[in-house]
Amino acid sequence: MTDTEHDFTFAIDGKSIPARKGDTILKAGLRAGVFIPHYCWHPGLTVAGNCRICLVHATKTMPPGKPVIACATQAVEGMEVESDGPRTKALREGVMEFLLVNHPLDCPVCDQAGECDLQQYSFDYGRATSRFHEPKTQRPRKDLGPLIRFVGNRCIVCTRCVRFCEEVAGTGELGVVGRGAMSWIDTFPGVQLDNPLSGCVADLCPVGALLDRDSMHTTRVWLLRGTESACGRCATGCNINVETWNDQVRRLTPRENQAVNRWWMCDEGRLSYKEAQAPTRVRRARVDGREASFLDALTRATDEVRKAQGGVVALTTGFATNEELFTLKALVGKGPIAVAYAPDGSTFKARDGFEISRDKNPNRKGVEAVLGATDAGEAAVIAALEAGKVGLAIVHDGVPGGAPWSPTLLAALKKAAALLVLAHDDVPGAPAATVLLPAMHWTEKEGTVVNGGGRVQRLRAAVPPTGDARVDLEVLQELARAAALQPRVLSAAGVFRKLAAAAPLSFDGMDYNGLGALGVPLGEGRAARPASNGRALPVVDARTGYEAGPVSRAPGRAGDEQVRVSVHRESAVGYGTPRGDL
Amino acid sequence: MATALPTAEPTVVERSFSPAAEAELQAIVKKYPEKRAALLPALRICEREFGCVDHGGMKLVAEKLDLTPAYVLGTVSFYTHFRRPSDGTFVIEVCRTLPCALRGADDFAKHVSRKLGIQPGETTKDGRFTLKNAECMAACDKAPVAQVNGYNWELLDPKTFDELLDQLMKDPGSFNLRKGCKDPYPWTQPAEPTAQRTKPEGERDYEHEALTHEPQLLRRCYKGRPATYAEYVADGGYKGSKAAVAIPPAKVTEMVKDSGLRGRGGAGFLTGMKWGFIPSTEQVPGNRYLVINADESEPGTFKDRKLMEDDPHLLLEGIVIASHAIGANDAYIYIRGEMVYGAEVLEQAIAEAYKNGVFGPDALGFGKRLDCVVHRGAGAYICGEETALLSSLEGGRGYPRLKPPFPAIKGAWGQPTIVNNVETIANLPYMFGAFGKSLDWYKGLGTPGLAPGVDPKWPRGRLGSRGPKVWCVSGHVNRPGLYDVPFGLSLKQLIMDPRYCGGIRDGRKLKGIVPGGSSFQVLKADEVDVALCYDAIADAGSSVGSAAIFVFDDSTCMVNALWNVLRFYAHESCGQCTPCREGSGWMERIVARIEQGMGTMEDLATIDAIADQACGKTICVFAEAFSWPAQSYIKQFKDEFVAHIKQRRCPQGGRLCAPSTTARPKA
């Protein structure tokens, strides 16, 4: 926040904190980079004020001398907050001791271990020894829904999950039942926690009380390696972390992006990584129906491109990245391109504005931006095929389960001299290919897509391609190189640079690395570029002001193994770094 | 995906209301600004329709009130007083809280258990009786007390109980026969009308004032039935409200401020000042609400029950005055779920009041409407906390709310709301001319305040304690009961004087007194010669609180007494804030261990640390309510705690106190 955007300042531990009118101590502190611990508070939910871990001492509160909760106490001008002093430390130590009174010490077998706020705060503020010698209370364990298991003994009754179901999902399946130390979270008998966003309650739970049944008991979380990507399940394009271990996706978790998905993602998206592990996936290349080495298949494909002498048509889908589309467009030259879109699916609008898009194509907007209008594409492709002028038809089918090609198009494809198919799944009704190559799942891809709101976002390769597949974009570029359309194969960043420079106004001024973790809206490439004023490099934190918790699902955790440095391209010239492709 | 856990979900029987019940529900819904507020009353309809509140009933109510079933389940499970599907025809709840326990409730409960052949929480095989342990029923002068389907059975001993049970077996309709039963020690006359002054002329003689004081608040009580509208008017009632509505509201608030009336619910906040916090309609437009806190559940307190059951119109008259002052058109009386009879009396009295124009479209004059609704709670001590009460009134779990905003700014349904105790409101008619009294008379009663800066000893001044006051004395005195005695009399005299409580039972010695209800500190025998007023008792290290005075004789085991108190608080913590939810139960378990001879000296330090870690760290003052007694009992009677630890047993053999040797009065 710049100096002009705040109304007044107050102090936390002597540090001046700019604040807007109505800000709480916690919110203003987090925005200014001062962390105050919290369990029950979440930026996307109403304030409950029940966990008491954010207690601080502050001046200008009533009655004087009584500690206040930072999450519900409004900051006022000139207020002095003690968040890191002996008195506050004693408060937190006290609350931590109470929280652990009835909490089981089952961290070794708890799935939350490693990303548990209770663990983290125990480390930060806990007592070294326990004074509790009494038997602990026992509370029930239950599957609340298809995706969520509740382990009652671990629950600290912060009510984040209850508030989420009420205020965000709007379905209200959860309630606090019981009273006092014997309160816990439950559903009404016969009612399942199965709203389209139910998985979020596991993300929200600051302890191991609500677990994602899909990923629990599979991997210790500290082994997971996170990749900041965008979900490829629908046109919403939720910002997510693709969390992997041993080159396998173990779970997808949402990442905060206020312009796209706030803090949430849907269950359908959450489980969509399983498509990449489907038994129908194409894993080996095939030439004329027989398994072949990838190199042989690619050689055959490049031969066909040369033979086709420009008689190339292409079929693609709303799942292709902008870079793939751009390369495909170059490949066909003036030839027609047909686009198939996955059919509409279910939609859901949460009370806070988060929406699951009816459009299940992650890049419909990108197709429109890169290829322009494609309505006539299919008819043109069929016409070209029927006319027998097609030397090579390239089918790029990255849709899990197969794209819905029209029967007439499939029938017409038989007339192509050669047919190169990049397919995600080998499903009945797929085109009979001369050369079949495995296509990638979106969790394996590097590139950009444009979500339904027109935001250009990056997909990042979290796992290597399945089987002996190679990167789709590279395959397409190899073909382009064989057709003498480009001298060498570029990275996605390189293709994007060409796309931004060459093509439509919408990508104008965009920089691949400059898209950052949160993306840039179409047409705003220039505005989003950091101003170059000859001073020190501006440090732009890709994360927004605050996060759901310090450890659990913290957006920063995903990138911690890959330190990325984004440098403005004009500055890069000064460093002697070649522009664009790295 | 991990394999699913086996589930054993209860079956949900489909339920539907009879047309009469449906109509009743619709009528109830109309009484509240929001549908949700009808949840507790709707569940009471379920109880009547289906015999209990089961999952089918909850689902039905959820549909009727546009709530989610989980919300209804959460609310029902918060309260203890709804009939469960497993309950028998008669639910017998035996009070186990300290005032009853001091008068033999533990032995009595064992007898009941033996007699019925079941343990607490169980139901007899024939499905006739369910036995439950319960908490303070607000009839502590008539201990031991039990409730049968919500109606009190008082002054019980094994023989009386057996007789009543036999009668119940013969005539199942007789469970409520003892409603409004007689008090053993009614206090209707001045203690000694002819008493002589002992203080020099020109000095206030509080003892003389008290001895010659004619009971005011309890004047129309002890008839064994509620005072009717006619009786109340004949005594000079409803004159105050008539006078008050003719005075501009701001002036009424000023007069109440001037009277020095302090809230009688426990905190002792100046009532007029509280009313003064109500914002103007320009600042906050919309409705104002008056909510009467009749959730009298602080153990040892039984004044509000008496006032409501015996003289309901006194409360109703006060409601008119308070509503006029704060500009409310709707008054809600939130009455404890356990007070079934009290709620019946109030309903009747309100009907009478409507008939006589006390409430209705023109109640406040000039066409200003005033409606009054009785809202029954369902068994949760925390609902006596004003914001928890509002949460419960709105149809939710009784969770206290974050303050600020205070209810006067944002209370019931988000509108400015005043929550006042029954006795506080009952004070109002006196200062506006009812019963031939006046504001000057009112101000002359009790101990005066002191302006700030007058006396260097009290730089912030003294608020004083004025107006009539009812004291609830229970425990080991010869004559437990309600004493309508003005502020200023010595606590010791109230307890020991034969004209009042008549000293300690069985000729025993006094050990200690809790002057304000179980949430407050205990005073030792040598500390009790203190004036009964807010300032003096605060100086002595405790509080007037809700004026619930427990008296312990020298046979009392203070460790056991503290365990009893902490059992209550551990059971009643709402569970919202971490320190209270976990601290109350932890402390209770430690004290239980000490009482059972398994304590260590470190435990005493731990209890102290728990108290320090919890006090002032929670949304409401419940943490203080269990911490203050714990710290105080240990400080005042440390030798007893040490003896338990050193001897590794309770020196009294695990008994709270010696059984009484004298015969009890009959009801």
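Residues numbered from 1 in each chain as written. Chains lettered and ligands numbered in written order. Predicted model: local features only at pLDDT ≥ 70, side-chain atom pairs only at ≥ 80, totals over all residues. Heavy atoms only, no water.

Peer 1: Now, about the nonpolar core: what can you tell me, with residues and values included?
Peer 2: Core analysis: the biggest nonpolar cluster contains 184 residues, and Phe10(A), Ile25(A), Phe164(A), Leu197(A), Phe552(B) and Tyr633(B) have the highest contact counts within it. The leading source of residues in this core is helix α21 (residues 558–572) of chain B, at 9 residues. Formed by 99 residues, the second largest nonpolar core is a distinct cluster that contains Leu314(B), Tyr500(B), Cys533(B) and Val551(B). (Core = buried A, V, L, I, M, F, W, Y, C linked by side-chain atoms within 4.5 Å. Buried < 20%, exposed > 50% of the residue type's maximum accessible area, 1.4 Å probe, protein only. Helix = DSSP H or I, 4+ residues; strand = E, 2+ residues; numbered from the N terminus.)

Peer 1: I'd like to hear about the domain arrangement of chain B, residue by residue, with values.
Peer 2: Residues and elements named next belong to chain B. Here chain B is partitioned into domain 1 (19–78), domain 2 (90–173), domain 3 (229–444), domain 4 (465–553) and domain 5 (558–647). Computed over C-alpha atoms, the centres of domain 2 and domain 4 are 28 Å apart. Between domain 2 and domain 4, the residue contacts involve 6 residues of the former and 11 residues of the latter. Of the roughly 670 Å² buried at the junction of domain 2 and domain 4 (both faces included), carbon and sulfur atoms supply 68%. Area buried by domain 2 at its contact with domain 4 is led by Leu-102, Arg-103 and Asp-141, which between them contribute 71% of it. Linking domain 2 with domain 4 are 0 salt bridges. Each residue belonging to the side of domain 2 that touches domain 4 can be placed in one class, and the counts come to 4 nonpolar, no polar and 2 charged. (Domains from an automatic or database assignment. Contact = heavy atoms within 4.5 Å. Buried area = accessible area lost by both parts, 1.4 Å probe. Salt bridge = Lys/Arg side-chain N within 4 Å of Asp/Glu carboxyl O. Nonpolar A, V, L, I, M, F, W, Y, C, P; charged D, E, K, R; others polar.)

Peer 1: Describe the confidence of the model for chain B, listing the residues and the values that go with them.
Peer 2: Per-residue confidence for chain B gives a mean pLDDT of 94, with 99% of residues at or over 70. Of the two predicted TM-score estimates for the complex, the pTM is 0.93 and the ipTM is 0.94. (pLDDT = per-residue confidence, 0-100.)

Peer 1: An account of the pattern of salt bridges is needed here, citing residue identities and associated values.
Peer 2: Note that side chains of opposite charge can pair when their charged atoms are close. Residues and elements named next belong to chain B. Taken as a whole and judged by the stated rule, the model has 78 salt bridges over all chains. Across the salt bridge formed by Asp-183 and Lys-142, the nearest N and O atoms sit 3.1 Å from each other. Of the two residues, Asp-183 sits in the loop between α7 (158–170) and α8 (206–211) while Lys-142 sits in the loop between β2 (129–134) and β3 (146–148), which places them 41 residues apart along the sequence. According to the relative accessible area criterion, Lys-142 is buried, its value standing at 7%.

Peer 1: Give me the interface of chain A and chain B: which residues, what numbers.
Peer 2: Each partner contributes residues to the interface: chain A has 52 residues there, and chain B has 50 residues. For the pair chain A and chain B, the summed buried surface comes to about 4,200 Å²; carbon and sulfur atoms form 58% of the total. Sorting the residues of chain A by area buried against chain B places Phe98(A), Arg179(A) and Phe188(A) first, and these three jointly supply 23% of that buried surface. Our enumeration of links across chain A and chain B arrives at 3 salt bridges. A salt bridge links Glu9(B) to Lys142(A), with the shortest nitrogen-to-oxygen separation between them at 3.2 Å. At the junction of chain A and chain B, the tally comes to 24 residue pairs in polar contact (both at pLDDT 80 or more). Contributing elements (two or more residues each) for the side of chain A that touches chain B: α2 (86–101), β6 (141–143), β8 (174–179) and β9 (182–187) of chain A. Top contributing element to the side of chain A that touches chain B by residue count: α2(A), with 7 residues. Partitioned by chemical class, the residues of the side of chain A that touches chain B number 25 nonpolar, 13 polar and 14 charged. (Polar contact = N/O pair within 3.5 Å; in protein donor to acceptor, adjacent residues only side chain to side chain.)

Peer 1: If you had to explain the sheet that holds strand β12 (residues 239–245) of chain A to someone new, which residues and values would you point to?
Peer 2: Residues and elements named next belong to chain A. Taken together, 3 strands build an open sheet; the order of strands is β11-β12-β13 and the sheet is antiparallel. The open sheet is flanked by β11 (225–230) and β13 (248–254), the only strands paired with a single partner. Across the sheet, the axes of successive neighbouring strands diverge by a mean angle of 30 degrees, strand direction being ignored. Across 6 bridges, the pairing between β12 and β13 is antiparallel. Directly across from Glu-243, in β13, lies its bridge partner Arg-251. (Pairing = 2+ DSSP bridges. Axes fitted to C-alpha atoms, helices over the stretch in contact; angles between N-to-C directions.)

Peer 1: Mind laying out the domain arrangement of chain A, listing which residues take part and the relevant values?
Peer 2: Looking at chain A, the domain boundaries give domain 1 (3–99), domain 2 (103–222) and domain 3 (279–525). One C-alpha centre belongs to domain 1 of chain A, the other to domain 3 of chain A; they are set 51 Å apart.

Peer 1: Can you tell me about unusual backbone geometry, naming the residues and giving the values?
Peer 2: At the junction of Lys403(B) and Pro404(B), the peptide bond is cis and its omega measures out at -5 degrees in the coordinates. Inspection of the secondary structure puts Pro404(B) in the loop between α16 (386–393) and β8 (417–421). Across the junction of Pro404(B) and Pro405(B), the peptide omega takes the value 0 degrees, indicating a cis bond. Relative to the assigned elements, Pro405(B) resides in the loop between α16 and β8. Notably, Val157(A) is not glycine yet its phi reads approximately 50 degrees, a positive angle. The topology assignment puts Val157(A) in the loop between β7 (148–151) and α4 (160–169). Phi is positive for Asn149(B), which is not a glycine, with a value near 50 degrees. Tracing the sequence through the fold places Asn149(B) in the loop between β3 and β4 (151–153).

Peer 1: Go over helix α4 (residues 69–78) of chain B, please, and point to the residues and values.
Peer 2: Residue pairs three or four apart in sequence face the same way in an α-helix, which turns once every 3.6 residues. Counting buried residues along α4(B), 7 of its 10 residues qualify, which places the element largely inside the surrounding structure. Where α4(B) is buried, its residues touch β8 and β9 of chain A together with α2 (39–50) and α3 (55–64) of chain B.

Peer 1: Any chance you could break down the packing of aromatic side chains for me, citing the residues and the numbers?
Peer 2: All names here are of chain B. Applying the stated rule across the entire model yields 41 aromatic pairs over all chains. Among the aromatic residues, those joined into a ring-pair cluster are Tyr-229, Tyr-232, Tyr-238, Tyr-430, Phe-435 and Trp-441. Against the face of Tyr-534 rests Arg-262, its NZ or CZ located 4.2 Å from the ring centre. When the ring centre of Trp-441 is taken as origin, the NZ or CZ atom of Lys-437, which lies over that ring, is 5.2 Å away. (Phe/Tyr/Trp six-rings, centres within 6.5 Å; stacked < 30°, edge-to-face > 60°. Lys NZ or Arg CZ within 6 Å of the ring centre and 35° of its normal.)

Peer 1: Explain the pairing of β2(B) residue by residue, including any values.
Peer 2: Residues and elements named next belong to chain B. The buried count for β2 comes to 5 of 6 residues, which makes it a mostly enclosed element. Bridge count between strand β1 (residues 90–95) and β2: 6 bridges; the pairing is parallel. Residue Phe-90 lies in a different strand from β2, and its bridge partner there is Phe-129.

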